[in-house]
Amino acid sequence: MMPSLKYQKGETVMGRWPGSSLYYEVKVLGFDLKSQLYTVIYKDGTELELREQDLKSTSGFQARSRSRSRSPGRRRSRSRSPGRTTRRSSSRTAAAVAAAAITDNAASSRRETRLRDVEVTLSPLQPTKTPENNGNNRHEKNEDKLKVENNTANKINESEKKVEAEPEKIQGRYNLRRRKDDGDAKSDEAKVEHPEEKEAKKAAGATFATPLDFGGKIGAYFWLLFLPAWVLFLVLHVNQEDPSLATFPPPLPPLDVFWDAQALSFIILWILFQALLYVTPVGKLSEGMPLRSGERLKYRTNGFFAIVVSAVAVAAAVHYGVDLTYIYSHFLQLATGSFLISFVLSIFLYVYSRYAAPEQLALGGNSGNVVYDFFKGHELNPRIKNFDLKFFCEMRPGLIGWCLINFAMALAEMKKQGLDAPSNSMILVNLFQLLYVVDGLWNEEAILTTMDLMHDGFGFMLAFGDLVWVPFTYTMQAYYLVSHPSPLSVPALTAIVILKLVGFYIFRKSNSEKNAFRRNPSDPKLSYLKTIPTATGKSLLVSGWWGMVRHPNYLGDLLMALAWSLPCGFSHLLPWYYMIYFIILLVHRDSRDMVECRRKYGLAWDEYCRTVRYRIIPHVY
Ligand SMILES: NC(=O)C1=CN([C@@H]2O[C@H](COP(=O)(O)OP(=O)(O)OC[C@H]3O[C@@H](n4cnc5c(N)ncnc54)[C@H](OP(=O)(O)O)[C@@H]3O)[C@@H](O)[C@H]2O)C=CC1
Ligand SMILES: CC(C)CCC[C@@H](C)[C@H]1CC=C2C3=C(CC[C@@]21C)[C@@]1(C)CC[C@H](O)C[C@@H]1CC3
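Note that the structure is predicted; figures quoted are calculated from it, not measured.

*Asks:* Would you mind showing me how to read the overall build of the chain here?
*Replies:* A count of helical and extended segments in the chain gives 25 helices and eleven strands. Out of the 621 residues in the chain, the part that is buried amounts to 56%. Sequence-distant contacts in the chain: of pairs separated by 6 or more residues, those separated by 24 or more amount to 75%.

*Asks:* Where do I start with unusual backbone geometry in this structure?
*Replies:* When glycine is set aside, most residues are seen to have a negative phi, and most peptide bonds are trans. In this structure, F214 is a non-glycine residue whose phi angle is positive, near 55°. Residue placement: F214 occurs in the loop between α8 (195-205) and α9 (216-238). In this structure F214 comes out as buried when scored by relative accessible area, which is 17%.

*Asks:* Please explain the state of the cysteines as it appears in this structure.
*Replies:* Formally, a disulfide is one covalent bond, and it connects the sulfur atom of one cysteine to the sulfur atom of another. A complete count under the given rule lists zero disulfides for this structure. Just so you know, C403 is unpaired, no disulfide at all, and the nearest cysteine sulfur is the one on C568, 16 Å from it. You can call C568 buried: its relative accessible area is 2%.

*Asks:* Help me out: how do you make sense of the site of ligand 2 in this one?
*Replies:* Lining the immediate surroundings of ligand 2 are 14 residues, of which E394, G440, I447, D452 and D466 lie closest. Where the shell around ligand 2 is concerned, the elements lending two or more residues are α15 (389-395), α17 (424-442) and α19 (460-473). Residue contributions to the shell around ligand 2 peak at four residues, all from α19. Its residues assigned to classes, the shell around ligand 2 shows eight nonpolar, two polar and four charged.

Conventions we followed
- Residues numbered from 1 in each chain as written.
- Chains lettered and ligands numbered in written order.
- Predicted model: local features only at pLDDT ≥ 70, side-chain atom pairs only at ≥ 80, totals over all residues.
- Heavy atoms only, no water.
- Helix = DSSP H or I, 4+ residues; strand = E, 2+ residues; numbered from the N terminus.
- Buried < 20%, exposed > 50% of the residue type's maximum accessible area, 1.4 Å probe, protein only.
- Contact = heavy atoms within 4.5 Å.
- Disulfide = S-S within 2.5 Å.
- Near = heavy atom within 4 Å.
- Nonpolar A, V, L, I, M, F, W, Y, C, P; charged D, E, K, R; others polar.

Written as structure tokens, this is what we have:
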């Protein structure tokens, strides 16, 4: 139930398209008491937040709109006058495209093309006088945006000609009132909360959730059981002399074999050591993307420092006689210990999230179903003071632990096979995966614009993924090589190295391009890139790496995954597990992202998908 309001949830009303005098049919999705804004959805799927004065009831509107039905035509002809070369005339928006599609479906194609040129007035970028906009945050953001607009004005005018020539490709930028999930400012005034506001906010907050994925509520039960069982299967399977389908399923050891207090204490020590490095005031404090509250969290991005110190500590331990092959011989017990920690952490996270404000919850983990929300992650960025639990777990213990385990496997291989040095295959797997992790930590800031950090809540899925899945399944190739030697010829080795480098180049360049663009869309270094504006105020890259396929970073990642499996040969399926899992993961992530982006960007996203037709592999998929 929404509080007593002029327009109710589910009601169909007419909503003004921001910055224009055009009204379209919208459905009310919710109301945010603090910002006094209605969340509405247009027929094309675009969600925006509007003030009450921008909404009208359909009945009153229809009478007026009929009498003024010719005005859009007048506006169009004016906007196309050759003398008009100002920013105003060049500001064709996705809004206009959306409007055209919604209002004129039945019209001829010529008329449709002309409708694409409907002008949306560029409103001056001044803070609106709602209470939350008085906050400094909002003010600064608008100023920043003004700079963006001014810097890109020339670009827009230049691109004008292209728009005329290619009406399908929409260029230009514009200002719209940002929707909630792209950042609204939070004023100090707004922070004072009355009990009745809290109740109303709870009601409004309940509307901020996205459709369920991963098989919904039943799926959540399945994954909670399946994921640990799968790790157990892999760990037991890789330990066999012949890890083939012929020996499936591997025999289950007695229950007491799983438990080892020492292994658990090593895991706890490792996590505490990484936590200590994380809070060490070394390295940059980076800003995350704006949250729904408008806030931008700060993250200590000292991951590279953490891996260097960890490497020195591990080298010192080996030097002083610590036998790292313990990791190989107690792999199952270490995995069990990590699983227990991830489970306890997930329970803590869920309980902790019950005390979080509605705007701090993850849209995807706010279904109201305890098991689903526990699995998907209820709270977006759980923090204890400045300690960000999600960021820490994703980037430190598991990721650096992955390299430590790989290194231990190289030592175990030497011991088991009686070698003076690790095999070529083991060296390749170690170096390739080390490069992947070091690169991730060196470019740690770029993680802040990924799906996990921006959209996914922190719950069992990520806690387990970060602390168990990554260190104990991503190390399968190295574990396999310990007792299954796979000699490599020089040409094969060279080809694999080239494949890895090509994959890495695509992965790094595309991730950095998107990250740089999201952080500063007016960066002169990116001025050659074409963009599609969207109703949220953000644009989508439509040339460069992101014009090649919709997920160039996944393509690079998959090529690298191939290079990690190839050194293990083709005798068994097990070392190919990562490759197979990764294809499934990335295809699923791509479709999750498609749904999310379609919801966020509406027709602009459709336009992007029409322009960039392939998802991950050019001309194939
Ligand atoms: N090794 C592993 O296990 C895993 C590795 N990865 C890797 O991590 C990296 C991050 O992946 P992930 O978070 O899934 O996805 P992305 O980094 O690709 O992030 C997707 C987001 O990018 C933005 N975006 C999409 N298209 C465009 C565009 N054309 N222009 C500008 N922005 C766009 C959208 O967010 P918005 O518009 O809101 O900014 C979208 O939600 C990838 O390289 C991936 O390969 C991922 C998962 C697992
Ligand atoms: C248990 C589930 C089935 C899947 C869990 C998925 C997680 C293991 C991955 C989700 C996104 C991840 C990313 C990375 C590691 C794996 C997880 C946590 C990176 C940090 C790896 C290094 C890259 O440079 C960036 C990646 C971002 C996403």
